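# Architecture at a glance
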Amino acid sequence: MLSRCFSSVGIRLASRISGGSLSWLRVAPATHQDGRTPLRIFAYHPTPLAESNTFHQVRDMASIKARMEAANQALKEDKMMCYQCEQTKGGTGCTEIGVCGKTPEVAALQDLLIYTVKGLASLAHHARMAAGIEDQEVNTFVNGAIFSTLTNVNFADDRFVEFVNDSRRLHAKLSAKLAAAGVSLPASASESQPWFGSMPHPLAWNSQAAALGGVGDMIEIGMQTGIAARQEVLGETLAGLQELLTYGLKGLAAYAHHAEALGHTDAKVYADVQESLHFLCSPAAADLGAVLDHCFKAGATNFRVMEMLSVAHTSTFGHPVPTPVSLNPVPGKAILITGHDMHDLHLLLEQTAGTGINVYTHGEMLPAHGYPGLKKYPHLVGHYGGAWYRQKVDFASFPGSIAVTTNCVLDPLTAYKNNIFTINETGLSGITHIKADASGHKDFGPIIRRALELPGYTAEDVQRLPKKKDVTVGFGHNAVLSVAPQVIDAIQSGRLEHIFLVGGCDGSEPQRKYYSKLYQYMPSNTMVLTLGCGKFRIFDQDFGNLPGTNIPRLLDMGQCNDAYSALVVATELAKVFKTDVNSLPLSLDLSWFEQKAVAVLLTLLHLGVRNIRLGPRLPAFLTPEAVGVLVDKFNLIPANVADPAADMKMMMQCK
């Protein structure tokens, strides 16, 4: 097996762990004379789909192109166009209302927000480059604002009106700083581009003195800032690649925002995000090769961000340790916390200490139980519910209040509408929102008071509900590397033949059963690493231990951003075997849903990782020609959702 997998592929991942931190991973299929790794590794030479055997077998180019052209034509009549997530209608785009529940009005406001933030980011980029001006309020706002447009984060029109007004306010503030420094912008800085249609350059629009008016005016303007104009001018392929960059930026900005909540920031990350948004407003964004360069650059930035977030979590709460987590309730009042924000969970645990309220995690908050600094709270009693898409059933049955820290959230049912509260960038119309004060403190009093009003779990409830087995979390890179000698010995002795990394997002589509079925075909001498909410397909199943060891075959590495931990482990294994990650007996089978997954994918591509399976469907914003480039350069493989056994056979052969 090792001889089959340890083949030379021309990509070398070099890393060094020292003092618990990982040095920058460099991918070097080619280098400049000064040793730098170029970001523009690939020139764009599209391969006709008929010549791409791998892709031709799984995707009908003519059919996809016809549907995309029909969707594009329909933009002239339809109410909206959104295709940023995997569940987009028909695999081409939501044009009447989002599958997620997003209305055309909110879609227009989100488009307007991205448009105005591009202008603000352009101004911040010029201020940084021309005058060395760094405005922390602007930096924080840009990341938070684009995070708010991520799938299933915010559905509240009033919040987006607030975001748009704040963007223009900050634009005026930064313009005043530039004027005070005696710096004038070149005329080219606000030169409109054809793909803005009837709209001016976002920087110029932000600078207009005219008042915006109410939400109706914003919606009308927002309808002119969507995808349609870019597709008409640039074509679906280039417009889609611009969206790939935008969506990757949304994902990495979300991760950066989580890290900032814990006091960890990086000036380079702010600069990279704003430079990329500025790039999307420049003539250079009409060049497909330049757009691809920036996509890979976003992947590099996201790696930096994931490392920063990992350090933020571990330096604040300690390294995760393997920990059993109860899936059974206990008697008492209850609060359920969902999303990804460990900082908010910590604040909630502090504010509920001594109140008699028990706190349960939901969704991607499950890994919190592995952190020593969080598990020390005795009233963090367990985990409740499944993946995010089941929340309408799960939340309706929960007898306490619900705190939403980040995605994913859905428009609530009446049954629990009075029990749910949004925090940070999340928003739901008509739902109480908890804001931080000027010092950053959040008062969770309304959530606590509602929990005390609700019945919570009674002793009778606990007795009546069927008992579930505990699940184990806490297998971050520190924990996994602590048993690395056993893993290495198992590989060398043949007791461990293959490792699977199955991570990413979950969803409700029937095709996602592929990920549940995949595990049925895994030989007993294999190991599976999970991360993200995709874990909920199998997290409560007993895989036993690796033969001849006490190492569980199923190791959950944490949230989706903990793809960083998986890269640390893979890189260390590659060093031991004096090879590269692509030559390890390791297969990546990723399920994607929203823009955080896009950011992780761009990171993997930046690092030169090949043979990644992606499913259950390929992104609608990538045309067959664009996918063909990724297939040619990285051997990106669409998951064979119709035949998981065939995929397993191929992966066991390192294909």
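Residues numbered from 1 in each chain as written. Predicted model: local features only at pLDDT ≥ 70, side-chain atom pairs only at ≥ 80, totals over all residues. Heavy atoms only, no water.

- The name given to the protein in an unreviewed UniProt entry is Hydroxylamine reductase, with Pleodorina starrii as the source organism.

### Things to note about the overall build of the protein
- A tally of helices and strands in the protein yields 23 helices and 18 strands.
- Partitioning the contacts of the protein with sequence separation of at least 6, the portion at a separation of at least 24 is 75%.
- When the accessible surface of the protein is totalled, it reaches about 24,100 Å², and 53% of it is carbon and sulfur. (Helix = DSSP H or I, 4+ residues; strand = E, 2+ residues; numbered from the N terminus. Contact = heavy atoms within 4.5 Å. Areas by Shrake-Rupley, 256 points an atom, 1.4 Å probe, with all protein chains shown as cover.)

### Notes on unusual backbone geometry
- The step from Asn 407 to Cys 408 runs through a cis peptide bond, and the omega angle for that step is 10°.
- Mapped onto the elements, Cys 408 comes out in the loop between β9 (401-404) and β10 (420-423).
- Residue Pro 616 is reached from Gly 615 by a cis peptide bond, and omega for that bond is 0°.
- Inspection of the secondary structure puts Pro 616 in the loop between β17 (613-615) and α22 (624-634).
- Despite not being glycine, Asn 152 has its phi angle at roughly 60°, a positive value.
- Within the element layout of this structure, Asn 152 appears in the loop between α5 (136-148) and α6 (157-180).
- One non-glycine residue, Asn 635, adopts positive backbone phi at about 50°.
- By the element assignment, Asn 635 lies in the loop between α22 and β18 (637-638).

### Looking at the sheet that holds strand β15 (residues 554-556)
- The six strands lie next to each other as β15-β14-β13-β16-β17-β18, forming an open sheet whose pairing is parallel. The open sheet has two edge strands with one neighbour each: β15 and β18.
- Alignment of strand β13 (residues 498-504) against strand β16 (residues 586-591), held across six bridges, turns out to be parallel. In the strand pairing of β16, Leu 501 is matched with Leu 588.
- Its contacts with the sheet put helix α23 (residues 644-652) on β13, β14 (526-531), β16 and β17, and the angle it makes with β13 is roughly 130°. (Pairing = 2+ DSSP bridges. Axes fitted to C-alpha atoms, helices over the stretch in contact; angles between N-to-C directions.)

### Comments concerning the nonpolar core
- In terms of nonpolar packing, the biggest core is built from 166 residues, with Leu 345 and Ile 612 touching the most fellow members.
- Discounting chain neighbours no more than four positions away, the residues touching Ile 612 are Leu 588, Leu 590, Leu 601, Leu 604, Leu 605, Asn 635, Leu 636 and Ile 637.
- Of all hydrophobic cores here, the second largest spans 18 residues; its members include Phe 398, Ile 402, Leu 428 and Tyr 457. (Core = buried A, V, L, I, M, F, W, Y, C linked by side-chain atoms within 4.5 Å. Buried < 20%, exposed > 50% of the residue type's maximum accessible area, 1.4 Å probe, protein only.)

### Description of the sheet that holds strand β11 (residues 433-434)
- Ordered in space as β8-β7-β6-β9-β10-β11, the six strands form an open sheet in which the pairing is parallel. Taken across any chain shown, the strands that pair with only one partner, and hence form the sheet edges, are β8 (380-383) and β11.
- Alignment of β10 against β11, held across two bridges, turns out to be parallel. When the sheet's bridge partners are listed, Ile 423 is paired in β11 with Ile 434.
- Helix α15 (residues 445-453) rests against β6 (333-338), β7 (357-361), β9, β10 and β11 of the sheet, and its axis sits at about 135° to β6.

### Some points on the pairing of β13
- Extensive coverage of β13 is indicated by the burial of seven of its seven residues.
- Residue alternation in β13 divides its side chains into two sets, His 498, Phe 500, Val 502 and Gly 504 and Ile 499, Leu 501 and Gly 503, and both sets are buried.
- For β13 and β14, the ladder comprises six bridges, and the chain directions are parallel. Opposite Leu 501, over in β14, you have Leu 529 as the bridge partner.
- What joins β13 to β14 is helix α19 (residues 513-518), and the crossover it makes is right-handed. (Right-handed = clockwise from strand over helix to strand, strands pointing away.)

### Looking at the packing of aromatic side chains
- All told, the structure shown has 21 aromatic pairs when counted by the stated rule.
- Pairing Trp 195 with Phe 196 gives two aromatic rings, centres 6.2 Å apart and planes at 50°, and the pair type is tilted.
- We classify Phe 196 as buried; its relative accessible area is 6%.
- Between the aromatic rings of Phe 317 and Tyr 371, the centroid separation amounts to 6.2 Å while the plane-to-plane angle is 65°, which identifies the pairing as edge-to-face. Of this pair, Phe 317 sits in helix α11 (residues 288-317) while Tyr 371 sits in the loop between β7 and α13 (372-375), placing them 54 residues apart in sequence. Across the pair, Tyr 371 and Phe 317 agree in class, each one buried.
- Feature note: the residues Tyr 83, Tyr 247, Trp 592 and Phe 621 constitute an aromatic cluster, connected by ring pairs.
- Over the ring of Phe 536 we find Lys 535, and its NZ or CZ is 5.8 Å from the ring centre. (Phe/Tyr/Trp six-rings, centres within 6.5 Å; stacked < 30°, edge-to-face > 60°. Lys NZ or Arg CZ within 6 Å of the ring centre and 35° of its normal.)

### A short note on the side chain of Arg 512
- On the secondary structure map, Arg 512 appears in the loop between β13 and α19.
- According to the relative accessible area criterion, Arg 512 is buried, its value standing at 0%.
- Residues within four places of Arg 512 in sequence aside, it is in contact with Glu 86, Cys 505, Asp 506, Gly 507, Arg 537, Ser 591, Trp 592, Phe 593 and Pro 616.

### Description of the side chain of Thr 623
- Looking at the secondary structure, you find Thr 623 in the loop between β17 and α22.
- You can call Thr 623 buried: its relative accessible area is 3%.
- At a separation of 2.7 Å, a polar atom in the side chain of Thr 623 contacts the side chain of Thr 237. (Polar contact = N/O pair within 3.5 Å; in protein donor to acceptor, adjacent residues only side chain to side chain.)

### Description of the packing of helix α9 (residues 227-261) against helix α10 (residues 267-279)
- Following both chains from N to C, one finds α9 and α10 inclined at 155°, their axes separated by 11 Å at the closest point. Judged on the interaxial angle alone, α10 and α9 are roughly antiparallel. Note on packing geometry: the crossing formed by α9 with α10 is left-handed. Residue-level contacts link Leu 245, Leu 249, Leu 252, Ala 256 and Glu 260 of α9 to Val 269, Tyr 270, Val 273, Ser 276, Leu 277 and Phe 279 of α10. (Parallel < 35°, antiparallel > 145°, perpendicular 65-115°, else oblique. Left-handed = near helix turned anticlockwise from the far one by under 90°.)

### Observations concerning helix α18 (residues 484-493)
- Inspection of α18 places Ala 484, Val 487, Ile 488, Ala 490 and Ile 491 among the buried residues, and these make up the whole buried set. Taken down its axis, α18 places every buried residue within 160° of arc, on the same side. In α18, those exposed residues whose orientation departs by more than 90 degrees from the buried face are Pro 485 and Gln 492.
- Two residues or fewer past α18, Gly 494 is found with a positive phi of approximately 90°. (Arc of directions from axis to C-beta.)

### Let's talk about the pattern of salt bridges
- Applying the stated rule across the entire model yields 24 salt bridges.
- Close ionic contact of Glu 96 with Lys 79 constitutes a salt bridge, the shortest N to O distance being 3.8 Å. Of this pair, Glu 96 sits in the loop between α3 (61-74) and α4 (104-131) while Lys 79 sits in the loop between α3 and α4, placing them 17 residues apart in sequence.
- Overall, the relative accessible area of 39% leaves Glu 96 in the partly exposed class.
- Arg 617 serves as the salt-bridge partner of Glu 86, at 3.2 Å between the closest nitrogen and oxygen. (Salt bridge = Lys/Arg side-chain N within 4 Å of Asp/Glu carboxyl O.)

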